[in-house]
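In case you want the letters, here they are:
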Amino acid sequence: MISLKTNDYVKYMTEQFMNYIDQPKEKREMMKHEKEENKESFSTNMFGMLPLSFALYMKKIQSRKNKKSM
């Protein structure tokens with residue numbers, strides 16, 4: 001891990017903040033909306049692919065039950 005001294009860290013954070021402030025408001029809003037659109041759902045973020053695999057498994061069981069009753 002790279003160790004930054006306090007002064008280096010403050011300098012880096014100041015540069016990042018100034019880069020953000022110097023951008024036009026429309027570009028900042030567009031970046032914010034893109035970030036929100038690409039955000040994963042809560043269940044996927046917390047549990048990975050388990051909710052999806054469980055849902056697919058339940059759907060498969062449901063379709064088997066429907067075929068047997070026909």
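Residues numbered from 1 in each chain as written. Predicted model: local features only at pLDDT ≥ 70, side-chain atom pairs only at ≥ 80, totals over all residues. Heavy atoms only, no water.

### Some thoughts on the overall build of the chain
Within the chain one finds 4 helices and 0 strands. In the chain, the succession of α and β elements from N to C terminus is α-α-α-α. With respect to the principal axes defined by its C-alpha atoms, the chain has extents near 70 × 35 × 10 Å. For the chain, the residues scored as buried account for 0% of the 70 residues in total. Here the chain displays about 7,400 Å² of accessible surface, and carbon together with sulfur accounts for 60% of that area. A distance of 18 Å separates the average location of the 14 positive side-chain charges in the chain from that of its 9 negative side-chain charges. (Helix = DSSP H or I, 4+ residues; strand = E, 2+ residues; numbered from the N terminus. Buried < 20%, exposed > 50% of the residue type's maximum accessible area, 1.4 Å probe, protein only. Areas by Shrake-Rupley, 256 points an atom, 1.4 Å probe, with all protein chains shown as cover. Lys, Arg positive; Asp, Glu negative; His and termini not counted. Charge placed at Lys NZ, Arg CZ, Asp CG, Glu CD.)

### Here's the deal with a nonpolar patch on the surface
A surface patch of nonpolar side chains, about 400 Å² in accessible area, is lined by Phe-17, Met-18, Tyr-20 and Ile-21. Within the secondary structure, Tyr-20 is located in helix 1 (residues 6–22). Accessibility expressed as a relative area gives 44% for Tyr-20, which makes it partly exposed. (Patch = residues over 30% accessible without salt bridge, like charges linked within 9 Å, V, L, I, M, F, W, Y side chains within 5 Å. Salt bridge = Lys/Arg side-chain N within 4 Å of Asp/Glu carboxyl O.)

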